[in-house]
Amino acid sequence: MDEQHGDEQHADERLRRWRLALGGAAGGEGTGYGLTGADVSIDAALGALYDSGEGAGSQRGAGLGASAPRVARWLGDIRQYFPSTVVQVMQADAIERLDLTRLLLEPEMLDAVEPDVHLVGTLLSLNRVMPDKSKRAARKVVAKVVAELERRVAQPTRTALAGALNRAARINRPRHHDIDWNRTIRANLKHYQAEHRTVVPERLVGYGRRAQSVQRDIVLCVDQSGSMAASVVYSGVFAAVLASMRSLKTSLVVFDTAVVDLTERLQDPVDVLFGTQLGGGTDINRAIAYGQQLITRPRDTIFVLISDLYEGGVREEMLRRVAAMTAAGVQVIVLLALSDEGAPDYDHENAAALAALGVPAFACTPDVFPDLMAAAIERRDLRGVIEKSKT
């Protein structure tokens, strides 16, 4: 009897979920399940976003209208009924499906939203038209997301890169006072001479020059066209983390058809993000030309281009510049995206042309980026990291 009751409850729950998923448009849900209690409010919140009116070209059935108070109430409702990950998806859908971009300029709206990377990207795209009052509210939203991202990526990045820098700094022909005898002995145990009861060191391992010297120069060159919004946010946070490491000299350049050097703002990633202008065209060649001017030590430089590779400038010149950098010893890496979403739509022809030059072009998630930079610092083969990024 209990088993039968349990089966009935399970069936009812399935019908309830289907009813909420399919909506209640006449003849459209087909479950025959009637909602009660809080489910009625949940259905209304979903219907306001996803229900459509009947007939081609009709307006949405419930809709949120253009009222900021109504939208703010709806945002509060969905935060009550759904977990934050679902809320973020619904917010993104509302901005796209119901054209709520204009309402995000109103401070009361910004107080109601659930902050996430994609919302920050939308706010940055509105930066140029945002009134001062809204900009103050938007800055709080951006600061909250940046703080959360820094908690997620800062320590893994510093740990991975510090280890890579220490390993890269070891010298194999050290002066006598620079020899690390413990590592030297371990590296030469196979050369132990039993008759002499000693190790003959064929390779000396030094402590490395770990003091205050800059070991690597990193140039991040980031496409700020509208499709790259999430990558811009993550790039700004990572650039600030890299700039905090004394052994690295980090430069950040963002571009559309113009180029903006944000290196001087790297002490505050929120300032960095508000220095971007999301949504313009793309001139990768011009951006690379500017980045080349920042390179003073080619063999100690890692140049990271973050772009979907849709070039609005001179393609042939762009490829020539990349070839010149690699020939000079610069390690060039192209990321099609730096975000949680994986590979975006990108220019396959330009990606193939770069691959022919020996330059990898692939999408990278924020969790893999520290390993990527560590491998680049040590000049290891990047294929392992690329495979990891694909999974």
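Structure: see above.
Just so it is clear, the structure is predicted and the values come from calculations on it, not from any experiment.

Topic: the sheet that holds strand E3 (residues 216-223)
Strand order in the open sheet formed by six strands is E5-E4-E3-E6-E7-E8, and the pairing between neighbours is mixed. Here the strands that pair on one side only, and so sit at the sheet edges, are strand E5 (259-261) and strand E8 (361-364). For this sheet the average axis-to-axis angle between neighbouring strands, irrespective of direction, equals 25 degrees. Here E3 pairs with strand E4 (residues 248-255) via eight bridges, running parallel. Each bridged residue has a counterpart across the sheet, and for Cys 221 the counterpart in E4 is Val 253. The strands that helix H14 (residues 369-377) touches are E3, E4, strand E6 (301-306), strand E7 (331-338) and E8; relative to E7, the one it contacts most, it runs at about 170 degrees.

Some thoughts on the packing of aromatic side chains
In total, this model carries one aromatic pair according to the counting rule given. When the ring of Phe 238 is compared with that of Phe 369, the centres are 4.5 Å apart and the planes differ by 50 degrees; the resulting orientation is tilted. In this pair, Phe 238 sits in helix H9 (residues 229-243) while Phe 369 sits in helix H14, placing the two residues 131 residues apart along the sequence. Judged on exposure class, the residue Phe 238 and its partner Phe 369 are both buried.

Some details on the nonpolar core
Residues Leu 104, Leu 123, Leu 161, Leu 220, Leu 335, Phe 369 and Leu 372 are the most contacted members of the largest nonpolar core, which totals 68 residues. Among the elements that take part in this core, helix H7 (residues 132-169) stands out by supplying twelve residues, more than any other. Residues contacting Leu 104, with those up to four places away along its chain left out, are Ile 95, Met 109, Leu 110, Val 113, Leu 119, Thr 122, Leu 123 and Leu 126. Ranked by size, the runner-up nonpolar core spans 23 residues in total, among them Leu 309, Val 330, Leu 336 and Val 359.

Concerning the layout of surface pockets
Space inside the largest pocket adds up to approximately 310 Å³. What lines the largest pocket is a set of 18 residues, among which Gln 88, Pro 115, Asp 116, Val 117 and Val 145 lie closest to the centre. Elements with a minimum of two residues in the lining of the largest pocket: helix H4 (84-97), helix H6 (117-125), H7 and H9. In terms of residue count, H7 provides more of the lining of the largest pocket than any other element does, six residues in total. Along its surface, the second largest pocket is lined by 13 residues, and His 118, Ser 227, Ala 230, Ser 339 and Glu 341 are the ones closest to its centre. Of the residues in the lining of the second largest pocket, the class split is six nonpolar, six polar and one charged.

Quick look at the pairing of E8
Alignment of E7 against E8, held across four bridges, turns out to be parallel. Residue Val 334 lies in a different strand from E8, and its bridge partner there is Ala 361. This β-α-β element, E7 to helix H13 (residues 348-356) to E8, shows right-handed connectivity.

Thoughts on a nonpolar patch on the surface
Taken together, the side chains of Trp 181, Ile 185 and Leu 189 define a hydrophobic patch exposed on the protein surface, amounting to about 300 Å² of accessible area. Within the secondary structure, Trp 181 is located in helix H8 (residues 181-187). Judged by its relative accessible area of 41%, Trp 181 is partly exposed.

What to know about the packing of H6 against H9
To describe two helices that pack against each other, one gives the angle between their axes and the distance between the axes. At a minimum axis distance of 8 Å, the contact between H6 and H9 shows a crossing angle of 100 degrees. Judged by the inter-axis angle, H6 sits roughly perpendicular to H9. In this structure, H6 uses Val 117, His 118, Val 120, Gly 121 and Leu 124 to contact H9, whose residues at the interface are Ala 229, Ala 230, Val 233 and Tyr 234. Of the residues belonging to the contact of H6 with H9, the class tally is seven nonpolar, two polar and no charged.

A look at the environment of Arg 152
If you trace the backbone, Arg 152 turns up in helix H7. Classification of Arg 152 as partly exposed rests on a relative accessible area of 30%. Sequence separation between Arg 152 and Asp 367 is 215 residues, and the spatial gap between their C-alpha atoms is 8.7 Å. Apart from residues no more than four positions distant in its own chain, Arg 152 is found in contact with Tyr 234, Asp 340, Pro 366 and Asp 367.

Here's the deal with the pattern of salt bridges
Charged atoms that come close allow side chains of opposite charge to pair. Under the defined criterion, the tally for this structure stands at 15 salt bridges. In this structure, Arg 315 engages Glu 349 in a salt bridge whose closest nitrogen and oxygen atoms are separated by 3.8 Å. Residue Arg 315 is found in helix H12 (residues 315-327), and its partner Glu 349 is found in helix H13; the two are separated by 34 residues along the sequence. On the accessibility criterion, Glu 349 (55% relative accessible area) is exposed. Several salt bridges share partner residues, and in doing so they unite Arg 216, Asp 217, Arg 297 and Asp 300 into one network.

Rules used throughout
Residue numbers here run from 1 along each chain, matching the order of that chain's written sequence. Reporting of local features is limited, given that this is a predicted model, to residues whose pLDDT is at least 70; pairs of side-chain atoms are given and counted only at 80 or more, and all residues count toward the totals for whole chains, interfaces and linings. Side-chain metrics in this entry use all non-hydrogen atoms of the structure; hydrogen atoms and water are not considered. When DSSP locates at least two bridges between a pair of strands, those strands are taken to pair. Every helix listed is a DSSP run of H or I at least four residues long, and every strand listed is a run of E at least two residues long, numbered separately from the N terminus. Note on geometry: axes are C-alpha line fits, over the in-contact stretch for helices, and angles between N-to-C directions span 0 to 180 degrees. Contact definition: two residues touch when any of their heavy atoms are within 4.5 Å. Stacked, edge-to-face and tilted are the three classes for Phe, Tyr and Trp ring pairs, Trp counted by its six-membered ring, which pair at centre distances within 6.5 Å; planes under 30 degrees apart are stacked, over 60 edge-to-face, the rest tilted. Remark: exposure states derive from per-residue accessible area (1.4 Å probe, protein chains only) relative to the maximum for the residue type, with buried under 20%, exposed over 50%, and partly exposed in between. As used in this record, nonpolar core signifies buried Ala, Val, Leu, Ile, Met, Phe, Trp, Tyr and Cys residues forming a set joined through side-chain atoms within 4.5 Å. Using a 1 Å grid laid over the protein atoms alone, points where a 1.4 Å probe fits but cannot get out form a cavity; open sets with protein on both sides within 12 Å along at least 5 of 7 lines form a pocket; any residue with an atom within 4 Å of a point counts as lining. Grid points are joined across faces, edges and corners, and a volume is the space filled by probe spheres set on the points. Under the scheme applied here, ten amino acids are nonpolar (Ala, Val, Leu, Ile, Met, Phe, Trp, Tyr, Cys and Pro), four are charged (Asp, Glu, Lys and Arg), and all others, including Gly, are polar. We call a crossover right-handed when, viewed with both strands directed away from the observer, the connection leading from the first strand over the helix to the second proceeds clockwise. Exposure above 30% relative accessible area and the lack of any salt bridge qualify a residue for a patch; like charges then connect within 9 Å, and the nonpolar side chains Val, Leu, Ile, Met, Phe, Trp and Tyr within 5 Å. The Shrake-Rupley method, run with a 1.4 Å probe sphere, supplies the accessible areas, and residue values consider only the shown protein chains as cover. Criterion for a salt bridge: a side-chain nitrogen of Lys or Arg within 4 Å of a carboxyl oxygen of Asp or Glu. Roughly parallel refers to an angle under 35 degrees, roughly antiparallel to one over 145, roughly perpendicular to one between 65 and 115, and oblique to any angle outside these ranges.

Keep in mind these values describe shape, not function.
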